[in-house]
Every structure is written in structure tokens, then in C-alpha cells.
Amino acid sequence: MNPPADPAAKMQREPSARLREIPSVDELLARPRLVALAEGAGRSTVTQSARTVLADLREQLKLDSSSASLDGVAIETRIVNHVEALLAPSLVRVINATGVILHTNLGRAPLSAAAAAEIASSATRYSNLEYDMSSGERGKRDVHTSRLLAQLVGAESAIVVNNNAAAVFLVLNTLAKAAEVIVSRGELIEIGDGFRIPDIMAESGAVLREVGTTNRTRIRDYERACNERTRLLLRVHPSNFRITGFTERPTLDELTALGRRLQVPVYEDLGSGCLADLAANGINEPVARASGDAGVEVVSFSGDKLLGGPQAGVIAGKREFVERIRRNPLFRALRVDKLTIAALEVTLKCYLRGALDEIPALRMIRASADEIARRAQGFSDRLRESLGKNALVEIRPGFSVVGGGSTPDQQLPTQLISISSARHTADSLEARLRKPASGPAVVARIEDDRLTLDLRTVFPDEDAALAAALVSALS
Ligand SMILES: *Cc1c(COP(=O)(O)O)cnc(C)c1O
């Protein structure tokens, strides 16, 4: 039997021959299309992409010498595509038709136009960020938001850091490093993206002392666990889940009474940071003010959850504790920038003025099901006209959710627009809306095998773009 020609030897010869055919970077960069590209994209960017593409090409040839085209135009096109992919917008606007108001993946709270304008003005000009205008001397960035927050929360003092995760870390690190913190087992939560209370606590240097069981913790459990190493009683808002049924946990009043008796401060991680009572809108979240009223020494909460402002973490409470936290050297590493301060200041003033509807997230929460029903009706009528027999458009009752790890069991009644088509499955429609040929992308949900839209989270001035996206996806 004749042995077959050694394929490995053949593969090794051929690629090296073809490798020599690859044009040089300089040759490629002299091609008119790449010269033109370099004018807009920058010569070094195009050079870098050319090197990357040629390196990929060499690898490809080594694996399979016949697979890659060495034609100048083909290589040039690969370089153009590489540069375009690099420069394509990455963080892009999205129409949120999911009905999840504080959608963590879609950027949580959208800011008001006034907050955005204030960001633009502070971003593009100088400001008195850390400059005392009356004395002409160095000031503190805290002043722009501290008083507003203290007043809204009913606290003696308040500071702001990058987010609530940073706030939790800083509070624990300042008040309980190398000491014990008592927390109920039912509150040892994971919020998502790796934020776990036990992990944060370990990193902060505080030692976790778990008490009670997952579903039941009594005040006696806290009391028995207290010892000379205890520095803090921690209460965590169980943001994104609820334990129901046979459950028990002490009231905040019981916890603060115990803290006072044993001279151990109580810290409450509120999670969402609700500053206005939304009970009339069906949202039963504790307002931040209630914590101070109950005697909690320190609270912290997010700026971009129910508060409806920029990403931030607020730490508020008794002056002596807040000042100690402010003096922690790590505060400097976790502080917020001027853009956050600008947006937060404007948002907080909406609360002071009682202008809740100027805050988009609150406007969406406070929109009634009737208001949404009227919009959904008008929207579907216009959509049916544009679509003809291409699709079935129906309105049906459903629920919006607050999201952002807040109020998992509290839903807002809404009217959903439900769309089905004989030509496209719900999955393919949903995918087409995410990757439109033009206009903003739309994120929708699928319910009962139908594309489902909730106008509660769609800004009224986005209706036309949403309709256009639907017409295009259904074509
Ligand atoms: C959301 C949340 C956090 C984290 O807040 P971020 O602002 O997202 O960092 C911490 N604790 C609780 C209870 C939360 O709900």
C-alpha cells in the first residue's frame, strides 16, 4: 500500500509561500481608501488595525492556507471593518418598552432635562466645585448636596459617594473594622453582579455575626449575640426578594431601642432610598426619613433607584458618625465627581419643591393605568393603520415593575400592547427591535409568545420612533 502524501508537510510549505504574498502595512496604508479612512479615524488607529488584521491573517494561513484571501481589496475591507467596529458607538440610546422603570441593565433612572442641562453646564465650564465663593478660598464639594439631603432625610448630616455599594463598604470600614457587626440571616442578600453583603463586609474588615434563621429573627437573637466586640447593628433592606409566610423580624424601633440600651449604633442599608411617600401609587417602600425617626444612627441608599437621580450612594445620619465616615481616607477614593453633584442637586430640589413629576422615574411610577391606557389606545390605532394586515395589535391589562432591586412584589397595573405576526415569531421581532437598521434600538418583552410593549417606560416623545421601529421590524 502506498502511503498517502504527507498532508502536514504540504501544509507547512504552502502557508510560508503564501505568507510572503501578504502585502506590507506600508503598502496597505498607501491605498486611497485607507488614506481617506485615516483622515477621519486617525493614522495610528488605522495602522494599529492594519497590524491586527495582518496578524490575524497570518494565524489563519498557518491553520488553513487556502482559507484567506490575500487580495489587496479584501484585506483593505477587513481593515476598514476593524476600524469601524472600533469607532462604532458602544453606549447607545435605547427605548425601554419593558415596563421595568429602574432597569439596571438599561441604566436605571433616566435624569430630568434640567439635571442633564446642569450636567452639561458643569461639564463644559468651570464651577465652584470646591471653591467657597464668599471667602475665595478652598471649599468642600459636599456643600452642594449635604444640606439638601439632610433636610430631605431629616438627618443631621449627609455625604455622597459613588454608589450605595461604596456607601455600605465605607460605613462598615469606618464604624466596624476589626470588630463585629450583627445582622439577621434573613438579610444576607445578594443584589446582583456580585454584590453580596457578606463579601462586602469581609472586604471592609468587619466581622459578620449572623443571628436568627432565614425566615425568623427576634430581638433576643441580636441581644444574645452582642458582646464587647460589637460595634454595629446592621439592618439591610431585602431589596430584590421577599420572604413570606412564617416570618418574623424585629421592628426598627425595637432594634434602635436595643442599640441605645447597649450603646451600639444601628446602621440601615435602605437600598432604594425613597424620599417621597409613594403609597398612594401602590409602592410601599419605607421613606428614608422614617429610619431617622426610628432612631437609626446611619442610613445609606442609592441615588439612581427610587430617588430617580444619578448613580450615587448617600450616607446620612447623626453628625458624629457621618463626620467619622467623611474622615475615612477611603472617602477620597469613593467620592463623586462634579457631574454627579450637578445632577443630584437638581434632582433633590425637585423633591423640595414638591415637583415629583419632573423626575422621570417618579413620573413613570405615578402615571395611572388610565393615562397609560389612553396612550396605548392612540398608539395602537395609529400602528394598526401603518401595519394593515401585517400584524395583530391588541391591548391587554398587565403590570409594570419598579425594578432596580426595589419592591419585587409591588407591581403597577398598566395596559400592555401585545403584537403578533404570521410572518415573524415573537423572538425574532424582539431581536429585530434590538438591532434596527436605523433609529434607536428598542428593548421589549415577550409575554405569552407575543411581543409585548409597556408604554409606561417609553417617553411620550419616543412614540413616533417606537412606531417606526415596529413598522420596520414587522415588514
Ligand atoms: C441596590 C442595593 C445596594 C447597592 O446599591 P448601588 O447603588 O447599586 O451600588 C446595596 N444594598 C441594597 C439593599 C440595595 O438594594
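As the structure is a computational prediction, the values presented were derived from the model and not from experiment.

Scoring rules and cut-offs
Residues numbered from 1 in each chain as written. Predicted model: local features only at pLDDT ≥ 70, side-chain atom pairs only at ≥ 80, totals over all residues. Heavy atoms only, no water. Buried < 20%, exposed > 50% of the residue type's maximum accessible area, 1.4 Å probe, protein only. Helix = DSSP H or I, 4+ residues; strand = E, 2+ residues; numbered from the N terminus. Pairing = 2+ DSSP bridges. Axes fitted to C-alpha atoms, helices over the stretch in contact; angles between N-to-C directions. Parallel < 35°, antiparallel > 145°, perpendicular 65-115°, else oblique. Left-handed = near helix turned anticlockwise from the far one by under 90°. Contact = heavy atoms within 4.5 Å. Nonpolar A, V, L, I, M, F, W, Y, C, P; charged D, E, K, R; others polar.

Quick notes on the pairing of strand 8 (residues 230-236)
Argument step 1. Counting buried residues in strand 8 gives 6 out of 7 residues, a clear majority hidden from the surface.
Argument step 2. Relative to strand 8, strand 6 (residues 180-184) runs parallel, the two sharing 3 bridges. Looking at the pairing, Ile182 lines up with Leu233 of strand 8.

Overview of the environment of Ala373
Argument step 1. Among the structural elements, Ala373 can be located in helix 17 (residues 369-387).
Argument step 2. A sequence separation of 51 residues divides Ala373 from His424, and the C-alpha atoms of the two residues are 26 Å apart.

What to know about the sheet that holds strand 10 (residues 298-302)
Argument step 1. Pairing in this open sheet of 7 strands is mixed, and the strands run 5-11-10-9-8-6-7 from one edge to the other. Of all strands in the sheet, those bounded by a partner on one side alone are strand 5 (157-161) and strand 7 (207-211). For this sheet, the mean angle separating the axes of adjacent strands, direction not counted, is 25°.
Argument step 2. Sheet topology note: the strand 10/strand 11 (residues 313-317) ladder contains 5 bridges and is antiparallel. By the bridge assignment, Ser300 is partnered in strand 11 with Ile315.

Here we look at the packing of helix 8 (residues 164-176) against helix 9 (residues 197-204)
Argument step 1. At a closest axis distance of 9 Å, the pairing of helix 8 and helix 9 adopts a crossing angle of 45°. By the criterion of interaxial angle, the relationship of helix 8 to helix 9 is oblique. Handedness of the helix 8/helix 9 crossing: right-handed. Two secondary-structure elements touch here, helix 8 through Ala165, Val168, Phe169, Leu172 and Asn173 and helix 9 through Ile197, Ile200, Met201, Glu203 and Ser204.
Argument step 2. Per-class residue counts for the contact of helix 8 with helix 9 are 7 nonpolar, 2 polar and 1 charged.

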